[in-house]
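What follows is the residue order along each chain.
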Amino acid sequence: MTSKLIQITIAATLLGAGSAYAAGGGGVIADPGAMEGKHFDVKGNAPSTFTVELQNGLRKTLPFEDKRDFEESKRGFIAAPPYKTIMADAGNVAWDMGSYDFLLQGKDFDSVHPSLQRQAILNMGYGLYEVVPDKIYQVRGFDLANISFIKTNSGWIVFDPLTAKETARAALELVNEKLGKRPVVAVVYSHSHGDHFGGVRGVVDEADVKSGKVKVIAPAGFMEHAVAENVYAGNAMTRRMYFQYGVLLPRSPFGHVDQSIGKNTAAGNLGLIEPNVYITQPYETMNVDGVVMEFQNTPGTEAPAEMNTYFPQFKAFWAAENITGTIHNIYTLRGALVRDSLAWSKNINNSLYRYGNESEVMFASHSWPRWGNERIQEVMRTQRDSYAHLHNEVLHLANNGVTINEIQNVYQQPESLKTQWAAHSYHGSEEHNSRAVINRYLGYWDANPATLAPLSPKDSAPLYVEMMGGSAKILSKGRQLYKQGKYREAMEIVNKLVYAQPDNTAAKDLLADIFEQIGYQKESPSMRNSFLGAAYELRHGMPTGASPKSNGPDMIKAMSTELWLNSLGISLDSKKAAGMKFTINLATPDNGEQFIVEMSNSVLTNIKGQQAKNPTLTITVNRSDLERVMGGQTTFEQLQAEGKAKFDGDRKAFDQLRSSLTIFKPDFELMPGTKPKQVSAKPTNSLPQDPFAAQELAITAGE
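Residues numbered from 1 in each chain as written. Predicted model: local features only at pLDDT ≥ 70, side-chain atom pairs only at ≥ 80, totals over all residues. Heavy atoms only, no water.

1. Brief notes about the overall build of the protein
Threshold: Each helix is a run of DSSP H or I of at least 4 residues and each strand a run of E of at least 2, with the numbering of both proceeding from the N terminus. Values of the radius of gyration come from C-alpha atoms, whereas the globule rule sets the reference at 2.2 Å times the count of residues to the power 0.38. Each residue's exposure class comes from its accessible area (1.4 Å probe, protein chains only) as a fraction of the maximum for that residue type: buried when under 20%, exposed when over 50%, partly exposed otherwise. Here, two residues are considered to be in contact whenever any of their heavy atoms come within 4.5 Å of each other. To be clear on the numbers: accessible area is Shrake-Rupley with a 1.4 Å probe, and residue cover counts the displayed protein chains and nothing else. A residue counts as positive if it is Lys or Arg and as negative if it is Asp or Glu; His and the chain ends are not included. Lys charges are placed at NZ, Arg charges at CZ, Asp charges at CG and Glu charges at CD.
In terms of regular secondary structure, the protein is built from 22 helices and 21 strands. Taken over C-alpha atoms, the radius of gyration comes to 26 Å for the protein, in line with the 27 Å a tight globule of 703 residues would show. A principal-axis box enclosing the C-alpha atoms of the protein has dimensions of 75 × 75 × 50 Å. Counting only residues that meet the buried cut, the protein has 59% of its 703 residues in that class. When contacts within the protein are restricted to residue pairs at least 6 apart in sequence, long-range pairs at least 24 apart make up 75% of them. For the protein, the exposed surface amounts to about 27000 Å²; the carbon and sulfur share of it is 51%. Distance from the positive charge centre (70 side chains) to the negative charge centre (75 side chains) of the protein: 3 Å.

2. Some thoughts on the packing of helix 8 (residues 234-244) against helix 17 (residues 525-540)
Under the convention used in this document: Axis definition: a line fit to C-alpha positions, over the contact stretch in the case of helices; interaxial angles, taken between N-to-C directions, run 0 to 180 degrees. An angle below 35 degrees is treated as roughly parallel, one above 145 as roughly antiparallel, one from 65 to 115 as roughly perpendicular, and anything else as oblique. Residues are grouped as follows: Ala, Val, Leu, Ile, Met, Phe, Trp, Tyr, Cys and Pro are nonpolar; Asp, Glu, Lys and Arg are charged; every other residue, Gly included, is polar.
Across the interface, helix 8 lies against helix 17 with an axial gap of 6 Å and an inter-helix angle of 100°. Looking at the two axes, helix 8 sits roughly perpendicular to helix 17. Where helix 8 abuts helix 17, its residues Arg239, Tyr242, Phe243 and Gln244 lie against Pro525, Ser526, Asn529, Ser530, Gly533, Ala534 and Glu537. Its residues assigned to classes, the contact of helix 8 with helix 17 shows four nonpolar, five polar and two charged.

3. What to know about the packing of helix 10 (residues 373-398) against helix 12 (residues 430-442)
Our working definition: A clockwise turn of the near helix away from the far one marks a right-handed crossing, whereas an anticlockwise turn of less than a right angle marks a left-handed crossing.
It is at 9 Å that the axes of helix 10 and helix 12 come closest, and there the two elements cross at 65°. The angle between helix 10 and helix 12 falls in the class roughly perpendicular. Considering only the axes of helix 10 and helix 12, their crossing is right-handed. Along its contact with helix 10, which presents Leu390, His391, Val394, Leu395 and Ala398, the element helix 12 presents Asn433, Ser434, Val437, Ile438, Tyr441 and Leu442. Class assignment of the residues belonging to the contact of helix 10 with helix 12 gives a composition of eight nonpolar, three polar and no charged.

4. As for empty space enclosed by the protein
Definition in use: A cavity here means a set of 1 Å grid points, computed over protein atoms only, where a 1.4 Å probe fits but cannot escape. A pocket is an open set with protein on both sides within 12 Å along at least 5 of 7 lines, and lining residues have an atom within 4 Å of a point. Grid points are joined across faces, edges and corners, and a volume is the space filled by probe spheres set on the points.
Under the defined criterion, the tally for this structure stands at ten cavities of 30 Å³ or more. Within this model, the largest cavity holds a volume of roughly 130 Å³. Taken together, 15 residues line the largest cavity, and the ones lying closest to its centre are Asn123, Gly125, Arg140, Asn146 and Ser367. Of the residues assigned to the lining of the largest cavity, the class counts are five nonpolar, seven polar and three charged. Along the walls of the second largest cavity sit Trp564, Leu565, Leu568, Ile584, Leu586, Val597, Ile619, Phe636, Phe654, Leu657 and Phe692, which together make up its complete lining. Looking at the lining of the second largest cavity, the elements with two or more residues in it are helix 19 (561-571), strand 17 (582-588) and helix 22 (652-659). A total of three residues in the lining of the second largest cavity trace back to one element, the largest contributor, which is helix 19. Residues of the lining of the second largest cavity, tallied by class, amount to eleven nonpolar, no polar and no charged.

5. A closer look at the sheet that holds strand 20 (residues 617-621)
The following threshold applies: Paired strands, as defined in this entry, are two strands with at least two bridges between them according to DSSP.
Spatially, the five strands line up as an open sheet ordered 19-18-17-20-21, and their pairing is mixed. If you trace the sheet from one side to the other, it starts and ends with strand 19 (603-608) and strand 21 (645-649), each paired once. Strand-to-strand twist in this sheet, taken as the mean axis angle between neighbours without regard to direction, amounts to 20°. One ladder, built from seven bridges, connects strand 17 with strand 18 (residues 593-600); its direction is antiparallel. Pairing of Ile584 across the sheet is with Val597, part of strand 18. Contacts from helix 19 reach strand 17, strand 18 and strand 19, with the element oriented near 170° to strand 19. Across the face of the sheet, helix 22 comes into contact with strand 17, strand 18, strand 19, strand 20 and strand 21 while running at roughly 95° to strand 17.

6. Here we look at the side chain of Ser365
Convention followed: A 3.5 Å cut-off defines polar contacts: any pair of N or O atoms within that distance qualifies, except that in protein one atom must be a possible hydrogen donor and the other a possible acceptor, and neighbouring residues in sequence count only when both atoms are side-chain atoms.
Along the chain, Ser365 turns up in the loop between strand 15 (361-363) and strand 16 (370-371). In this structure the side chain of Ser365 is engaged in a polar contact, spanning 2.9 Å, whose partner is the backbone oxygen of Ala320. Contact partners of Ser365, with chain neighbours within four places excluded, come to Ala145, Asn146, Asp160, His191, His196, Trp318, Ala320 and Glu321.

7. Comments concerning the sheet that holds strand 11 (residues 283-288)
With mixed pairing, the six strands of this open sheet are ordered in space as 11-12-13-14-15-16. Two strands close off the open sheet at either side, each with one partner strand: strand 11 and strand 16. Note: strand 11 against strand 12 (residues 291-297), six bridges, orientation antiparallel. Counterpart to Thr285 in the pairing with strand 12 is Glu294. Against the sheet, helix 9 (residues 341-356) touches strand 11, strand 12, strand 13 (307-311) and strand 14 (316-318), its axis set at about 145° to strand 12.

8. Digging into the environment of Gly44
Within the secondary structure, Gly44 sits in the loop between helix 1 (3-12) and helix 2 (49-61). Placed 210 residues apart in sequence, Gly44 and Phe254 show a C-alpha to C-alpha distance of 8.4 Å. Residue contacts for Gly44: discarding those within four places in its chain leaves His39, Glu516 and Arg539.

9. Describing the nonpolar core
Heads up, the condition is: Each nonpolar core is a collection of buried residues, namely Ala, Val, Leu, Ile, Met, Phe, Trp, Tyr and Cys, held together in the definition by side-chain atoms within 4.5 Å.
Ranked by size, the top nonpolar core spans 87 residues in total, and within it Tyr189, Trp564 and Phe636 carry the most contacts. If you tally residues by element for this core, the top one is helix 5 (residues 165-179), at six residues. Beyond its immediate chain neighbours, meaning those up to four positions away, Trp564 contacts Met559, Leu586, Leu626, Met630, Phe636, Phe692 and Ala694.

10. Some words on helix 22
Put simply, the rule reads: Of all possible arcs, the one meant is that of the directions from the helix axis to the C-beta atoms.
Within the sequence span of helix 22, burial applies to Ala653, Phe654 and Leu657. Here the buried residues of helix 22 occupy an arc of 100° about the axis, which is enough to place them on one side. Against the buried residues of helix 22 lie strand 17, strand 18, strand 19, strand 20, helix 21 (636-641) and strand 21.

11. Looking at the packing of aromatic side chains
Spelled out, the test is: Two aromatic rings from Phe, Tyr or Trp, using only the six-membered ring of Trp, form a pair when their centres are within 6.5 Å; if the ring planes differ by under 30 degrees the pair is stacked, by over 60 it is edge-to-face, and anything between is tilted. To sit over a ring, a charge needs its Lys NZ or Arg CZ within 6 Å of the ring centre and within 35 degrees of the ring normal.
Applying the stated criterion to the full structure yields 26 aromatic pairs. With 6.2 Å between their ring centres and 25° between their planes, Phe311 and Phe314 make a pair best called stacked. When sorted by exposure, Phe311 lands in the same class as Phe314, which is buried. Put simply, the rings of Phe159, Phe311, Phe314, Trp318 and Phe363 pair up and form one aromatic cluster. Cation over ring: Arg118 sits above Trp421, and NZ or CZ is 3.8 Å from the ring centre. Between the NZ or CZ atom of Lys496 and the centre of the ring of Tyr464, over which it lies, the distance is 4.9 Å.

Interpretation in functional terms is not warranted from these geometric data alone.
Structure representation (structure tokens):
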């Protein structure tokens, strides 16, 4: 891939006017050679004979005779639009379903795990589908998620309005064109990830929500978690996203083929309109314009705030993102708190016994519906048992002494689950999910004191290289293992060499070759993308230029003042703050909030609802004006000049705080020796330079 292509990638993910962000997959990189099976990278390799042999073996042993998913994914198809590309308002391509057309050639790709290729083809569904005749419809293939439309007496209830305004708007236009124009009377956010609320401004006007004309319904805790999950480690998460989502990988048999729960994530305008109705009880029933819905709160499953919905009039169960066409992430590779696989299983069990006995259709925010009570119960039990087995078996093994550094090579699903497509870990993987369960209960330590406080890889690697006889010997052995198809063994030793000698191009190229073959063999696209993304950066260096921005005004408005203050504490450089000691009172009169912000022992802390009696400084500013500072649209100095911010006391405290804050940028290496030697010119659309502006949020779509 050329440097120009990198620039296109970055440009395709940039914000327009500070109100958009590219989630998940980033910009669209179509590969003109994909249809001919040409590798997009001059350094890239075809699948080795060992990879081909592995894939052929899987084609013989996987349950391909079960074609029910293909039948269900096509059922109810009404129409596809005449276009496959959707443009963002900023002028870039927000969505291009046609970039994956190489998957529809009827070929077996040896560079793609056969099970993943099957999932990638299933996710090629594009257009308008009927789920329940004359009542429930879905538009699929317009974004990572599905957008669903429930017909009411007078309009539509929209479930999960996608990531971007542009794709959600196009979906609504398609529905109204094919089914008759109707107003949107309500929107339901099933949970707090961006691909389930970000396109809301494409389907409703905020004024109608504020007036109560349109209901926006969400689970308890939605607003907090829509932002908070991605703030504290957002910069690191954004950088790691380049691997999990394959941001630099063209759509190609050798690159990005799928994201398991959908093709990719739209690169358009993400917005957020605050809900005006919250579901706070475990089960709540509501009638919206003639449609009865029972909401089931399922916190701590796929998202911290999430809910399923049952439609008793239609015998239809909406499974949100709790039951889809894959076993999900217990730990997501870009980084997030480890999820509770036991709670996930129990919530599915609650759904099974409350709704599963009478449901005739089950649909969700990803994948495709299932019809018929027997089929629905089968899929519910398969996914329930998959999460429960993962939890119970991993802890069973841990209680027999298997550690976090061994479990990925020991844990296996029972054969009865392996034969069920709904038990395959496309979004998650058995390897990283099993490690996550141990991490949740026992943490990262394997109880060997040698691993309790180990040397950093860059410090330990030179010892290994020296003991192994130097780089030439390691390269020779690594190439030998590579030629034998022993890729994990080769990775083990060549990775040490790359850490010891980051500028050793031969070592980095060999490790890239190894990563590439491992990536081809992975069923999980998150695993595949991570290996292929790392291979790209080892060969060509890490990306340069501006990064995707996520701090649009809707997300800033949703960020609490306390969350912002907490994040300032994280951006504080404690070495610069050494010796500083002050107390600042912060008051925001328009919403009645008060905080004490204290610098002590090189730590910045805050407490809500109090004011210090003798502060060093008092800052008074309306929350509405503070949001402009948080969003990088203005500064405290500008607000002072406008008479919108008042400083009483010793301003030195404020200046000291400013001087000790760090502006994070996702420009650090994930693989050694990949950072450019010369820093490029500062991009026009760089991260905000005011250290009081909120750091960039991470990207959560499809987590």
